[in-house]
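Structure assessment
Chain by chain, the residues run as shown.
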Amino acid sequence: MADEEQLRLDLGELRHLESVAKRPRVASLLGAEIRNIEAKLSAVTAAVAQAGVSAEKPSVAVTAAKGYVTLGSFSWDQDNDKIKIYVFLEGVDEEKMETLFKPMSVDIKFHDIQGKNYRCAISKLNKEIVPEKCKVAIKPTKVIITLFKASKGNWLDLYFKEDKLKQSPDKDRDPMAGIMDLMKNMYEEGDDDMKRTIAKAWTDARSGKTVDPSL
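First, a word on what this report is: a plain description of the structure on this page.

Rules used throughout
- Residues numbered from 1 in each chain as written.
- Predicted model: local features only at pLDDT ≥ 70, side-chain atom pairs only at ≥ 80, totals over all residues.
- Heavy atoms only, no water.
- Pairing = 2+ DSSP bridges.
- Helix = DSSP H or I, 4+ residues; strand = E, 2+ residues; numbered from the N terminus.
- Contact = heavy atoms within 4.5 Å.
- Salt bridge = Lys/Arg side-chain N within 4 Å of Asp/Glu carboxyl O.
- Buried < 20%, exposed > 50% of the residue type's maximum accessible area, 1.4 Å probe, protein only.

**Comments concerning the pairing of strand β4 (residues 97-102)**
- Across six bridges, β4 lies against strand β5 (residues 105-113) in antiparallel orientation. Looking at the pairing, phenylalanine 101 lines up with valine 106 of β5.

Right, here's the structure in full:
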């Protein structure tokens, strides 16, 4: 789960950098890296889901000791006002469901489903919600958890992450500086062609030239 969380943090920051990128080549590089991270995240999520199905006995014992099977794989979408989380779980009884909404967390427990207890929890959300407005809708094959945002706007992720750009001691720092740092890392890890491309983009960016979109 630590790898999955780290990938989510990386993905959120890359999307932020892509949103402030002004040069086509930089945006293209960031887009490629975003797709790479998304592929890795999908693979990790699938592996975690598979592990939950075919877990070895020691792992099952640990889960049983806690009393709940953790529902770590779910989908979600959003609009300007709310977040919707889709948990695919059949046989949920509303009378045997326990919900706890807080400004920065969600904890939903489903009891006695074919002899098992399930739990869907996010200990620290990306941003604040309005607990009294949040709700849970039970469908035949899934549960829809609706979270109402305290402030309207887009969330980069469900999970809280530190905004490294805002943590910069230089409040007037150019947002492109973060992109240059990323390009430096990509340069160090790339092949010869990638290094030549990034070196040119880096030089042009520092000199104020406009990057040729055809690159």
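Moving on, there is more to tell.
**Considering the environment of tryptophan 155**
- Examined against the element boundaries, tryptophan 155 turns out to sit in the loop between β8 (143-148) and α4 (176-189).
- Residues tryptophan 155 and glutamine 78, 77 residues apart in the sequence, show an inter-C-alpha distance of 8.0 Å.
- Setting aside its immediate chain neighbours within four residues, tryptophan 155 contacts Trp76, Gln78, Ile83, Leu125, Asn126, Lys127, Glu128, Ile129 and Lys149.

**Description of the pattern of salt bridges**
- Taken as a whole and assessed by the stated rule, the structure comprises six salt bridges.
- A salt bridge links arginine 15 to glutamate 38; its shortest N-O distance comes to 2.8 Å. Of this pair, arginine 15 sits in helix α1 (residues 2-20) while glutamate 38 sits in helix α2 (residues 24-53), placing them 23 residues apart in sequence.
- Its relative accessible area of 30% is what places glutamate 38 among the partly exposed residues.
- The partner of lysine 96 in a salt bridge is aspartate 112, and the shortest N-O contact between them spans 2.9 Å. Of this pair, lysine 96 sits in the loop between β3 (82-87) and β4 while aspartate 112 sits in strand β5, placing them 16 residues apart in sequence.
- Residue class for lysine 96 comes out partly exposed when judged on its relative accessible area of 36%.

All we've got here are geometric facts, nothing functional implied.
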